[in-house]
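Reading the structure
Given next are the chains, with one letter for each unit.
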Amino acid sequence: MAVAKADLADWVTVVAYLLAAAACVRASNYAWIKRRTRDRMFWQIASVLLVFLGANELLDLQALLTAVGREYAKTNGWYGQHRRVQYVFVLALGVAAVVAGIVMLWLTRRTDASVRLALIGLVFIGLFVLLRAASFHHLDELLGGGAPEFTWRSVLEMLGILIMAVGATAYTRKRRSKTLPANL
C-alpha cells in the first residue's frame, strides 16, 4: 500500500496538532504546580493523543484500517453489503461518541471548565477521525468540497484542534492569573 502524498493542508494540520499538544503540555505543567493530579493526567494523555493524530495525518493510518476492513469483508464474503455495514458503523459510531462524550463530561463535572472544553474538542477530533476511517464515500465526497488546498475535512479537523488548544490555553491563563501578583 502506497503512502498518500501529504499536501499543504496536511502539513498545516500537523503543525496545528503539534501546537495544540504543546499547549496541553504547558497546561499539564500548570496542573502539576497546582497539584491537580486528574487535570495533569488529562493534559498529558491529550498531548500524547494529539502528537499521535499529527503523525496519523501524515501516515494516513485510517487508510490502512480501511484496507484491512475491505480485505476482511472480501475474505468473509460480505463485501457486497459493505455500504450497509458502513452505514450501521457510522450510525453506531455517532451514538457511541455521543454517549462517551456525555459520560466523560459527567466524569469530569468537577474539573475546570477548560478541561471539559478540551475534552469536547478531543471527542470531536476522535469522532471525525473514526468517520474518515469508515471511508463512507458519500461522506468523503461531502468533506472533499471547499477550497482546493483546504477542504471541509481540513476545516472541521482544525475546528476540533482549535477547541483543544483554546481549552489548554484557557486552563493555563486561569492558573497563571491566580498565581501571579495583581501588579504584574
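Residues numbered from 1 in each chain as written. Predicted model: local features only at pLDDT ≥ 70, side-chain atom pairs only at ≥ 80, totals over all residues. Heavy atoms only, no water.

Here arginine 35, not a glycine, exhibits a phi torsion of approximately 60°, which is positive. With respect to the helices and strands, arginine 35 occurs in the loop between helix H1 (8-33) and helix H2 (37-59). By relative accessible area, arginine 35 is classed as exposed at 75%. (Helix = DSSP H or I, 4+ residues; strand = E, 2+ residues; numbered from the N terminus. Buried < 20%, exposed > 50% of the residue type's maximum accessible area, 1.4 Å probe, protein only.)

A few words on the environment of alanine 118. Along the chain, alanine 118 turns up in helix H5 (residues 113-134). Classification of alanine 118 by relative accessible area gives buried; the value is 0%. Sequence separation of alanine 118 and alanine 170 is 52 residues, and the distance between their C-alpha atoms is 9.6 Å. When residues no more than four places from it in sequence are discounted, the contact partners of alanine 118 are Phe42, Trp43, Ile163, Met164 and Gly167. (Contact = heavy atoms within 4.5 Å.)

This part is about the environment of valine 98. Relative to the elements of secondary structure, valine 98 occurs in helix H4 (residues 82-107). Since its relative accessible area comes to 51%, valine 98 is described here as exposed. Residues valine 98 and leucine 127, 29 residues apart in the sequence, show an inter-C-alpha distance of 9.4 Å.

Attention now goes to the environment of alanine 22. Along the polypeptide, alanine 22 turns up in helix H1. Each C-alpha atom of the pair alanine 22 and alanine 165 lies 8.8 Å from the other, and the pair is 143 residues apart in sequence.

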